[in-house]
Each structure stands twice: as C-alpha cells, then as structure tokens.
Amino acid sequence: MGSSTNVHLAGNWYFKWQLSRQWDIHAGLNFTHFSNGATHTPNNGLNAVSAYVEMAYYLNREKTKTTINNVIYTPPKFEKNIAHEFMLLATTRSVKIDTVGTNMITKFPRKRFKVAGFSYGYLFHQTRRLLVGPSIEVVYDESANVDIRRDEDPLTGDSIVFYKSGKVKDRFSVGVSVKGELQMAGYSVFTNIGIDILNSNKRDKRFYSIYGIKLYLTENLFGTFGVRSTNFTQSQYLYFNIGYTIRQYRKKKR
C-alpha cells in the first residue's frame with residue numbers, strides 16, 4: 001500500500017427481487033482487496049468483506065411489456081471440449097528476511113529475485129461460460145532459501161550486502177491445483193487453489209492460490225495477468241503469462 005504500483009481486487013455477489021412496480025430489494029456480499037501485490041516489501045494489504053441489504057424505489061419505472069414477434073435469438077454454436085492450456089511465466093519478487101545475526105538494518109532488502117515457471121491445465125469446457133479442471137505448476141524461484149548478510153569494507157567502511165543463493169534443487173517447486181475459469185465477453189477471470197507437493201523453500205507455505213484475468217490475442221494464443229499468494233493472505237508476486245490453448249472436441253457419432 002502506498003507504493004507506485006498497487007493491486008485492487010473486488011467482487012460483488014447479489015440477488016435482486018422486484019417487489020412491485022416501484023420497489024426492489026437487493027441483498028448480497030462485497031469483497032475488496034488492496035495491496036502492492038508484493039512488488040515491494042513490506043506489503044501491508046487491506047481486505048474488507050461486507051454484507052448489505054438495500055431497498056430501491058423507482059419514480060417512473062415503466063410497466064414491463066410483453067412483445068410477441070417472430071424474431072428468435074439463436075446463440076452462437078457451442079461444442080463441449082477439453083481445453084489443454086500451456087503457460088509460461090516470468091517475473092520477479094522481493095522477500096522478507098530474519099535479521100538475527102545478519103547485521104542487516106532492515107528485514108526488507110531491496111533486491112528483486114527472478115521467478116520463472118511453466119504450467120499445464122486440463123480443463124473441462126462443458127458449458128459456454130465455465131471451465132474447470134486440474135492444473136500443474138512448476139516454478140523456479142531464485143529467492144528460495146537465500147542467505148542475506150551485511151558487512152563493512154575494512155578499507156572504506158562502506159556497507160556491503162552479500163547474497164548467497166540456496167541450492168539449485170531448492171529453487172524448484174511443483175504444485176497441483178484445481179482451476180476454475182469464468183468466460184466473459186472478450187476476457188476471462190480465473191482462480192487456482194493448490195498445494196505444492198515438492199517445495200524446499202522454507203520461506204513460503206505449501207498452500208497457494210492464483211488469481212488473474214485472461215485476454216485472448218488470437219483464437220488460441222492468450223496473455224494473463226495476476227497475483228500468486230500463499231494461505232490466501234501473503235502475496236508472493238505479480239506476474240504476466242503467455243499461453244496457448246489446444247482444444248479437443250468430442251468425436252461425433254455416426
């Protein structure tokens with residue numbers, strides 16, 4: 001919060017009932033999240049959830065008219081399919097460290113660490129709007145088990161920060177998740193809820209979630225933007241993805 005880059009996620013789920021020609025009643029839930037998406041540390045975000053009930057009065061609402069004609073709307077043809085999604089990720093992240101014995105004056109070093117990843121989703125596209133299925137995420141995180149210390153140059157007295165990377169095998173994690181995607185006109189919103197089955201990074205929890213928005217560049221090529229978090233509350237990093245979808249349609253019976 002308060003950085004040059006911030007993330008705002010919000011959702012509104014509600015019901016609407018028409019009580020009469022003039023009166024409506026609405027009831028629902030709001031969710032709002034503000035943070036800097038871990039682009040910098042500290043990342044002191046703000047979450048808010050609220051329920052509401054409201055009454056609406058219409059001064060001159062026209063009475064609903066029923067029109068009968070011969071025009072019949074036919075939606076675009078939809079065929080059930082399996083969507084194979086392949087995605088590549090590249091981003092950076094910052095970390096928070098334990099300063100005990102490090103001579104560091106802050107637990108939020110300014111260095112940004114490289115993150116890269118690959119994911120594959122096997123999504124069931126059974127309705128026009130909704131895709132659901134399993135996904136696997138493989139991530140390389142340069143910050144895994146990094147050792148950060150500060151020392152002084154004995155000749156100049158300048159402060160020098162040393163970064164010792166963790167073992168290469170500790171920088172890789174493999175997770176499995178369930179992905180749900182809601183397709184809208186021109187874009188999609190999606191979320192993954194998963195757990196790392198292989199993860200030697202002591203800094204991050206195994207349980208993770210991914211939220212994002214998808215935009216198709218061509219019929220099969222798409223880009224995504226989102227945020228990955230652990231335990232729903234701790235953002236790890238913002239990311240941009242590039243991906244490709246291969247659709248497998250059912251064979252028609254003769």
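Residues numbered from 1 in each chain as written. Predicted model: local features only at pLDDT ≥ 70, side-chain atom pairs only at ≥ 80, totals over all residues. Heavy atoms only, no water.

A. Molecular detail of the nonpolar core. Counting 8 residues, the largest nonpolar core consists of Leu-89, Val-115, Val-139, Phe-190, Tyr-208, Ile-210, Tyr-237 and Tyr-239. Contributing elements (two or more residues each) for this core: strand E11 (207-216) and strand E13 (234-249). Counting residues in hydrophobic clusters, the runner-up holds 6 residues, among them Val-95, Ile-97, Met-104 and Ile-148. (Core = buried A, V, L, I, M, F, W, Y, C linked by side-chain atoms within 4.5 Å. Buried < 20%, exposed > 50% of the residue type's maximum accessible area, 1.4 Å probe, protein only. Helix = DSSP H or I, 4+ residues; strand = E, 2+ residues; numbered from the N terminus.)

B. Quick peek at the pattern of salt bridges. Inspection of every chain in the model, using the stated rule, returns 10 salt bridges. Here Arg-93 makes a salt bridge to Asp-141, at a shortest N to O gap of 2.7 Å. Placement of the pair is Arg-93 in strand E4 (residues 81-93) and Asp-141 in strand E6 (residues 130-141), with a sequence separation of 48 residues. Where salt bridges share partners, they join Glu-85, Lys-179, Glu-181 and Lys-214 into one cluster. (Salt bridge = Lys/Arg side-chain N within 4 Å of Asp/Glu carboxyl O.)

C. Here's a closer look at unusual backbone geometry. Positive phi values are uncommon outside glycine, yet Asn-103 reaches one of about 65°. Here Asn-103 is to be found in the loop between E4 and strand E5 (113-125). One non-glycine residue, Asn-145, lies in the positive phi region at around 55°. Take Asn-145: it is sitting in the loop between E6 and strand E7 (147-152).

D. Quick look at the pairing of E6. The sheet contact formed by E5 and E6 spans 8 bridges and is antiparallel. The residue of E6 that forms the bridge with Gly-117 is Val-139. A loop of 4 residues connects E5 with E6, the two strands running antiparallel in sequence. Sheet topology note: the E6/strand E9 (residues 172-183) ladder contains 11 bridges and is antiparallel. Following the sheet pairing, Leu-130 is matched in E9 by Leu-182. (Pairing = 2+ DSSP bridges.)

E. Expanded view of the pairing of strand E1 (residues 7-18). In terms of strand pairing, E1 meets strand E2 (residues 23-35) through 12 bridges, oriented antiparallel. For Lys-16, the partnering residue across the bridge sits in E2 and is His-26. Linking E1 back to E2 in an antiparallel pair, the connection comprises 4 residues.

F. Broad picture of the environment of Ser-209. Relative to the helices and strands, Ser-209 is located in strand E11. In this structure the C-alpha to C-alpha distance between Ser-209 and Asn-231, which are 22 residues apart in sequence, comes to 7.3 Å. At 3.2 Å, the side chain of Ser-209 forms a polar contact with the side chain of Tyr-211. (Polar contact = N/O pair within 3.5 Å; in protein donor to acceptor, adjacent residues only side chain to side chain.)

G. Here's a closer look at the environment of Phe-113. Within the secondary structure, Phe-113 sits in strand E5. Taking the C-alpha atoms as reference points, Phe-113 and Glu-142, separated by 29 residues in sequence, lie 5.5 Å from one another. Non-local contacts of Phe-113, meaning those with residues more than four positions away in its chain, are made with Thr-91, Thr-92, Arg-93, Val-95, Glu-142, Ser-143, Val-146, Ile-148 and Tyr-163. (Contact = heavy atoms within 4.5 Å.)

H. Summary view of the packing of aromatic side chains. Taken as a whole, this structure holds 9 aromatic pairs when the rule is applied. Where Tyr-122 meets Phe-124, the ring centres are 5.3 Å apart and the plane angle is 85°; that geometry is what we call edge-to-face. The ring of Tyr-58 carries Arg-61 above its face, with NZ or CZ at 4.0 Å from the centroid. (Phe/Tyr/Trp six-rings, centres within 6.5 Å; stacked < 30°, edge-to-face > 60°. Lys NZ or Arg CZ within 6 Å of the ring centre and 35° of its normal.)

I. Region of interest: the sheet that holds E1. Across the sheet, 3 strands lie side by side as E1-E2-E3; this open sheet has antiparallel pairing. Two strands bound the open sheet, and with one partner strand each, they are E1 and strand E3 (46-57). Across this sheet, the average inter-strand angle for adjacent strands is 15°, counted without regard to direction. One ladder, built from 12 bridges, connects E2 with E3; its direction is antiparallel. Among the inter-strand pairings, His-33 is bridged to a residue of E3, identified as Asn-47. (Axes fitted to C-alpha atoms, helices over the stretch in contact; angles between N-to-C directions.)

J. Seen up close, the side chain of Thr-245. Inspection of the secondary structure puts Thr-245 in strand E13. In terms of polar contacts, Thr-245 uses its side chain to reach the side chain of Tyr-216, at 3.4 Å. Those residues in contact with Thr-245 that sit more than four places away from it in its chain are Ala-83, His-84, Glu-85, Tyr-216, Asn-220 and Phe-222.

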